[in-house]
Amino acid sequence: MATGQLFSRTTQALFYNYKQLPIQRMLDFDFLCGRETPSVAGIINPGSEGFQKLFFGQEEIAIPVHGSIEAACAAHPMADVFINFASFRSAAASSMSALKQPTIRVVAIIAEGVPESDTKHLIAYARSNNKVVIGPATVGGIQAGAFRIGDTAGTIDNIIACKLYRPGSVGFVSKSVKMIVVLGELGGRDEYSLVEAIKQGEEPCYAGVPMSSILEQGFGVGDIISLLWFKRSLPRYCTKFIEICIMLCADHGPCVSGAHNTIVTARAGKDLVSSLVSGLLTIGPRFGGAIDDAARYFKDAYDRGLTPYEFVESMKKKGIRVPGIGHRIKRGDNRDKRVELLQEFARTNFPSVKYMEYAVQVETYTLTKANNLVMNVDGAIGSLFLDLLAGSGMFTKPEIDEIVEIGYLNGLFVLARSIGLIGHTFDQKRLKQPLYRHPWEDVLYTK
Ligand code: Q5B
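Please read these numbers as outputs of a predicted model, since none were measured by experiment. (Residues numbered from 1 in each chain as written. Predicted model: local features only at pLDDT ≥ 70, side-chain atom pairs only at ≥ 80, totals over all residues. Heavy atoms only, no water.)

Trainee: Any chance you could explain the side chain of glutamine 12 here in plain terms?
Mentor: Mapped onto the elements of the fold, glutamine 12 is located in the segment before β1 (13-16). When residues no more than four places from it in sequence are discounted, the contact partners of glutamine 12 are Arg35, Thr37, Pro38, Ser39, Ala41, Ala79, Asp80 and Val81. (Helix = DSSP H or I, 4+ residues; strand = E, 2+ residues; numbered from the N terminus. Contact = heavy atoms within 4.5 Å.)

Right under this line is the structure:
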């Protein structure tokens, strides 16, 4: 027998409590495997002795019946497996008696409902005596082509179909890294739920949500971003806000930095991806990529209780422009409509807009300095996303700090503006625009 292998083709068992069917099934399995000796050496039926007639293939055999465990073990010293079909009331006591027999190496206990304390006692005794307990509440165990306990593996047809009558290349005891094995009642509903589970495993998921549920539940891009970026489903007003950010930032005309680069690249005859990335590469602290810094600075200033005056002036002392404030063409008397729309949505739908209101107070102060120092779209998204994170109840404080520190929010602008930049690329190709050359008059020559 190989190391760690419990049974072989010569293993013999003592069967406790006379149960004709499981014993006959063991003998049928033996015959199918081509064993020379029956795997049941003797039957223990307390209080009665004699022989029990059973079939070993075509041949009728008589298996000895003993009145006690001790007598059976003495009569069959080579039988080292004890298969216990006693009820839960007597299973523990009879199993302990069997474990105490020097000839018994393995005890399989079929009964359900054996008290946990008795089970622990049996296991502890077996361990300290270098013996093995299978069960309680087990269907048994099987060694392909060698030995079967009771009803394990079901009907003979099933055993033939699964080729359990001969040794195979995979053995399973209780755990495996190669497969998940489920041991369950035959004929129940578990098999059907397993089929369903396997089908869902087969289906691609976003953060554990299968594609079919994403479609069935009518998820939108905001939901997908929630799942893939934040690893959770967010409430509808949050996902709607994300979608509004994407829609409003998708494009801002051909003159902005990103679109300009994309257009120049497309007109140089470059492909879609090159044109797109050349535009995306302009996204940064001045253009579109100030959202994360706006969130960082507004959060820090608000959480520290700085007044807008203290905040703006401290930034000025450090020589840092307030992220989220200022625009090339928007003014105090010509506000950015996108900012107004985002604020309107949040005021109606968010439980709290404290960070955004703080940013508005900052803007009120910066507008006293210069008319172009309005809250821009980066500032609106940065401050409102802080409100989303803090007010939705979906994020812990450390999670919010991590999101702000890592910097997730510029991703919204990158994602959104990709839509517009791709459009600009197609426009140039469709209009068959020639190579771009910048007008001389824009260039300033100095000595
Ligand atoms: N000053 C955006 O500047 C811009 C100040 C400031 C304190 C400020 C500038 C800025 C912070 C970064 C930011 C996102 C570069 C903008 C976007 C998407 C877009 C784009 C589009 C789209 C504009 C004049 C005077 C100077 C400066 C002072 C300026 N900003 N002081 N805090 N934030 N903002 N970026 O007009 O005393 O004369 O030296 O860096 O939030 O990118 O549509 O185009 O959708 O595509 O070039 O909307 O504000 O002004 O540089 O001539 O400065 O104002 O220190 O003072 P400008 P400058 P002084 S949204």
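Trainee: Is there a simple way to explain the site of the ligand in this structure?
Mentor: Every one of the 21 residues lining the ligand counts as a neighbour, but His252, Arg321, Ile325, Arg338 and Asn376 are closest to it. At 2.9 Å from an oxygen atom of the ligand is found a main-chain nitrogen or oxygen belonging to glycine 288. Within the contact set of the ligand, an oxygen atom lies 3.3 Å away from a side-chain nitrogen or oxygen of asparagine 372. Among the residues making up the shell around the ligand, the classes are represented as eight nonpolar, seven polar and six charged. (Near = heavy atom within 4 Å. Polar contact = N/O pair within 3.5 Å; in protein donor to acceptor, adjacent residues only side chain to side chain. Nonpolar A, V, L, I, M, F, W, Y, C, P; charged D, E, K, R; others polar.)

Trainee: How should helix α17 (residues 397-406) be read in this particular structure?
Mentor: Note that an α-helix has 3.6 residues per turn; residues three or four places apart therefore point the same way. Inspection of α17 places Ile400, Ile403 and Val404 among the buried residues, and these make up the whole buried set. Take α17 and look down its axis: the buried residues cluster within an arc of 95°, on one side only. Counted as exposed and oriented over 90 degrees from the buried face of α17: Pro398, Glu405 and Ile406. For α17, the secondary structure elements touched by its buried residues are α8 (221-230), α12 (291-303) and α16 (377-391). Positive phi shows up at glycine 407, right after α17, with a value of about 90°. (Buried < 20%, exposed > 50% of the residue type's maximum accessible area, 1.4 Å probe, protein only. Arc of directions from axis to C-beta.)

Trainee: How should a nonpolar patch on the surface be read in this particular structure?
Mentor: A grouping of Leu272, Val273, Val277, Leu281 and Phe426 is seen on the molecular surface, where their side chains present a nonpolar patch of about 470 Å² in accessible area. Ranked by residues supplied to the nonpolar patch, first place goes to helix α11 (residues 272-280) with three residues. Take phenylalanine 426: it is sitting in helix α18 (residues 410-430). (Patch = residues over 30% accessible without salt bridge, like charges linked within 9 Å, V, L, I, M, F, W, Y side chains within 5 Å. Areas by Shrake-Rupley, 256 points an atom, 1.4 Å probe, with all protein chains shown as cover. Salt bridge = Lys/Arg side-chain N within 4 Å of Asp/Glu carboxyl O.)

Trainee: In this structure, what is going on with the sheet that holds β1? I would like to understand it.
Mentor: Strand pairing in a sheet relies on backbone hydrogen bonds. The paired strands run either parallel or antiparallel. Here we have seven strands laid out as an open sheet, ordered β3-β4-β2-β1-β5-β6-β7, and mixed in their pairing. Both outer strands of the open sheet, β3 (50-56) and β7 (132-134), are each paired with one neighbouring strand and no more. Strand-to-strand, the axes of this sheet are offset by a mean angle of 25°, without reference to chain direction. Here β1 pairs with strand β2 (residues 40-44) via four bridges, running parallel. Residue pairing across strands places tyrosine 16 opposite isoleucine 44, the latter belonging to β2. (Pairing = 2+ DSSP bridges. Axes fitted to C-alpha atoms, helices over the stretch in contact; angles between N-to-C directions.)

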